[in-house]
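Structure assessment
Here are the chains, one letter per residue:
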Amino acid sequence: MADSVRTQGLFKRFGQQVAVAGVDLVVPRGSFAGLVGPNGAGKTTTLSMITGLLRPDGGLIEVDGVNVWRDPALVKSRIGVLPEGLRLYERLSGRELLHYNGQLRGIPEAEVERRAEELLKVMDLVESADKLVVDYSTGMRKKIGLAAALLHNPSVLFIDEPFEGVDPVSANSLEEVLRRFTGSGSTVIFSSHVMDLVERLCSWVSVMSRGQIVAQGPLDEVCGGRKLNQAFLDLVGVRGNGEEGLTWLGTAKQ
Ligand code: ATP
């Protein structure tokens, strides 16, 4: 069976800046996969290319065995994406947003209705369902975006920082939904800086640094008996950023 995602020699530069320098990312089907790396490592750029939002300068990408840049429409019909800074239709209510997404995806109206109501309930958005999205809080936006990304039952879901701004109660139900989703053979790939979250949720992890994959595999293999946070520091190298300076900071002077 094909992996959910496979890239070979993925490459992207912005002017002189090489953002992604030959990435071979592999994510087996049914994984709860974490993509981690320091700021600027190239995670967002990589995910944007895999989801068909940004054209690569080189390399190959397959999602469910389909070449993303040869058949972008087919791939987009099979994936759900919740990117960083997602733009939503602000003048629709949460419920309207889900119905509109359902129509765009060609799902029959009765089915959209059923799925939308279930998702609103799981996301604890029933009471806010008729409020305009422009008036939603950060966490509510994340939840309605996630509901929209799940509505067509994608086989692979890509999320940037899944629970950022989401309250603990909602995070708990979302976690449950995503676990059930991967348990049924679908795949979740998310990028995060929250190592505890990655360690708790993920079966698979890919570590990026300076535009390349520096380690990837089952979580326990990548950790090699260490906490993920320690493995991460060992892999990406602890940088001396002069933090021993700043001697003026925090000294309560009269
Ligand atoms: P973070 O964890 O901070 O979100 P990241 O791993 O997602 O970081 P990217 O956003 O992929 O990193 O950025 C990788 C590199 O590419 C950075 O050096 C960034 O400055 C550069 N870069 C990304 N997008 C652009 C762009 N549109 N134009 C120019 N440079 C860019």
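One structure accompanies this document, and this report is about it. (Residues numbered from 1 in each chain as written. Predicted model: local features only at pLDDT ≥ 70, side-chain atom pairs only at ≥ 80, totals over all residues. Heavy atoms only, no water.)

**Digging into the packing of aromatic side chains**
- In the structure shown here, the tally under the stated rule is two aromatic pairs.
- Here the aromatic rings of F32 and F190 are separated by 5.8 Å at their centres, their planes lie at 90°, and the arrangement is edge-to-face. One end of the pair, F32, is in strand β4 (residues 32–36); the other, F190, is in strand β9 (residues 187–191), with 158 residues separating them in the sequence.
- For F32, a relative accessible area of 4% gives the class buried.
- For the ring pair Y89 and Y100, a centre distance of 5.3 Å and an interplane angle of 85° mean the geometry is edge-to-face. Of this pair, Y89 sits in the loop between β7 (79–82) and α3 (94–104) while Y100 sits in helix α3, placing them 11 residues apart in sequence.
- In this structure Y89 comes out as partly exposed when scored by relative accessible area, which is 45%. (Phe/Tyr/Trp six-rings, centres within 6.5 Å; stacked < 30°, edge-to-face > 60°. Helix = DSSP H or I, 4+ residues; strand = E, 2+ residues; numbered from the N terminus. Buried < 20%, exposed > 50% of the residue type's maximum accessible area, 1.4 Å probe, protein only.)

**Let's talk about the site of the ligand**
- Inspection of the region around the ligand gives F14, Q17, A19, P38, N39, G40, A41, G42, K43, T44, T45 and H193 as its neighbouring residues.
- In this structure, an oxygen atom belonging to the ligand sits 2.8 Å away from a main-chain N or O atom of G40.
- At 2.7 Å from an oxygen atom of the ligand is found a side-chain nitrogen or oxygen belonging to K43.
- Against a free-state accessible area of 640 Å², the protein chains account for coverage of 61% of the ligand.
- Elements represented by at least two residues in the shell around the ligand include exactly β2 (17–23) and α1 (43–50).
- Class assignment for the residues of the shell around the ligand results in four nonpolar, seven polar and one charged. (Near = heavy atom within 4 Å. Polar contact = N/O pair within 3.5 Å; in protein donor to acceptor, adjacent residues only side chain to side chain. Areas by Shrake-Rupley, 256 points an atom, 1.4 Å probe, with all protein chains shown as cover. Nonpolar A, V, L, I, M, F, W, Y, C, P; charged D, E, K, R; others polar.)

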